[in-house]
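# Descriptive structure summary
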Amino acid sequence: MSIEFLLTTLVIVATPGTGVLFTLAAGLSRGTRASVIAAFGCTLGIIPHMIAAVTGLAALLNASAVAFQTLKYLGVAYLLYMAWNTFRDKGALAVPKAETGTPSARQVITSAVLLNILNPKLTIFFFAFLPQFVPTGAPNALARMLELSGLFMLATFVVFAIYGACAAAVRIQVISRPAVVTWMRRVFGASFIALAGRLAVQNQ
């Protein structure tokens, strides 16, 4: 395992994006357990992209403008949906007033998985990133790519969980102040919109 791969992975994973935003929101609104579940869901959302990369489907996505654009705009639509729900106090930053109002672990995981599945840049990233650390013509190339993908997923889960735990640590200070909750909701909603806009203008 090269130190270059580990450092590059940590930089990429730690860079704030859709998954980090979702995990932070879960930690702020529902505590450490919810943030860990969100981190797990975001990690699961990597699997389809990993499979696409190691099976060569990413090459088709990279070559087909129609396939890329379709998946991209589905991702944009879902991010805007998350923003709308957040602004309406029914999304990622909704602070439940009773236990019955808390989203189930399945709901949190589903939302997190969708956020990552509907991001074509992840597939392109895997397609461009992994081969750099696999020797050309290596007989165990598939196993090597799976190993590297597994490490990338582990790093994603750990880093996201740390982000979420940090957010959960200040949760009480945040949710005990309605004005702060309102401000945070607006910031998170606007961030989802910004991420949607950034995804919309990206090209292959």
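No experiment lies behind these values; they were computed from the predicted model shown.

### Digging into the overall build of the protein
- When you go through the protein residue by residue, the secondary structure sums to 11 helices and 0 strands.
- Across the protein, every contact between residues at least 6 apart in sequence was considered, and the portion connecting residues at least 24 apart equals 84%.
- Of the roughly 10200 Å² of accessible surface on the protein, a fraction of 69% belongs to carbon and sulfur atoms.

### Looking at the nonpolar core
- Membership of the largest hydrophobic core comes to 49 residues, with the highest contact counts inside it found for Phe22, Leu79, Phe126, Phe129, Leu130, Phe152 and Phe160.
- Sort the elements by how many residues they give to this core and helix H9 (residues 141-169) lands first, with 9 residues.
- If we skip the residues at most four places from it in the chain, Phe129 touches Phe5, Thr8, Thr9, Ile12 and Phe152.

### Some thoughts on the packing of helix H2 (residues 18-30) against helix H7 (residues 105-117)
- The interhelical angle for the contact between H2 and H7, taken along N-to-C directions, is 160°, at an axis separation of 9 Å. The angle between H2 and H7 places the two elements in the roughly antiparallel class. Considering the relative orientation of H2 and H7, their crossing is right-handed. For the pair H2 and H7, the contacting residues are Thr18, Phe22 and Arg30 in the first and Val108, Ser111, Ala112 and Leu115 in the second.

### A word on the confidence of the model for the protein
- Averaged over the protein, the pLDDT score is 80; the fraction of residues at 70 or greater is 86%.
- Mean pLDDT across the elements of the protein bottoms out in helix H5 (residues 57-63) (67) and peaks in helix H3 (residues 32-44) (93).

### Some words on the packing of helix H1 (residues 3-14) against H9
- For the pair H1 and H9, the least separation of the axes is 9 Å and the interaxial angle reads 45°. Between H1 and H9, the crossing angle belongs to the class labelled oblique. Regarding H1 and H9, the two cross each other, and that crossing is right-handed. Contacts between H1 and H9 involve Phe5, Thr9, Leu10, Ile12, Val13 and Ala14 on the former and, on the latter, Leu148, Leu151, Phe152, Ala155, Thr156, Val159, Phe160 and Tyr163.
- Residues of the contact of H1 with H9, tallied by class, amount to 12 nonpolar, 2 polar and no charged.

### Thoughts on a nonpolar patch on the surface
- A cluster of nonpolar side chains, contributed by Ile3, Leu6 and Leu7, occupies part of the molecular surface with about 270 Å² of accessible area.
- With respect to the secondary-structure elements, Leu6 resides in helix H1.
- Look at Leu6 and you get partly exposed, because its relative accessible area is 36%.

### Quick word on helix H4 (residues 47-55)
- Buried residues of H4: His49, Met50, Ala52, Ala53 and Val54, and no others.
- Looking one or two places after H4, you find Gly56, whose phi comes out positive at around 90°.

### Concerning H3
- With 13 residues, H3 should cover 18 Å at 1.5 Å per step; its first-to-last C-alpha distance of 18 Å lies within 8% of that length.
- Every buried residue of H3 is accounted for by Ala34, Ser35, Ile37, Ala38, Ala39, Gly41, Cys42 and Thr43.
- Looking at the buried positions of H3, the neighbouring elements they touch are H2, H4, H7 and H9.

Analysis parameters
Residues numbered from 1 in each chain as written. Predicted model: local features only at pLDDT ≥ 70, side-chain atom pairs only at ≥ 80, totals over all residues. Heavy atoms only, no water. Helix = DSSP H or I, 4+ residues; strand = E, 2+ residues; numbered from the N terminus. Contact = heavy atoms within 4.5 Å. Areas by Shrake-Rupley, 256 points an atom, 1.4 Å probe, with all protein chains shown as cover. Core = buried A, V, L, I, M, F, W, Y, C linked by side-chain atoms within 4.5 Å. Buried < 20%, exposed > 50% of the residue type's maximum accessible area, 1.4 Å probe, protein only. Axes fitted to C-alpha atoms, helices over the stretch in contact; angles between N-to-C directions. Parallel < 35°, antiparallel > 145°, perpendicular 65-115°, else oblique. Left-handed = near helix turned anticlockwise from the far one by under 90°. pLDDT = per-residue confidence, 0-100. Nonpolar A, V, L, I, M, F, W, Y, C, P; charged D, E, K, R; others polar. Patch = residues over 30% accessible without salt bridge, like charges linked within 9 Å, V, L, I, M, F, W, Y side chains within 5 Å. Salt bridge = Lys/Arg side-chain N within 4 Å of Asp/Glu carboxyl O. Expected span 1.5 Å × (residues − 1).

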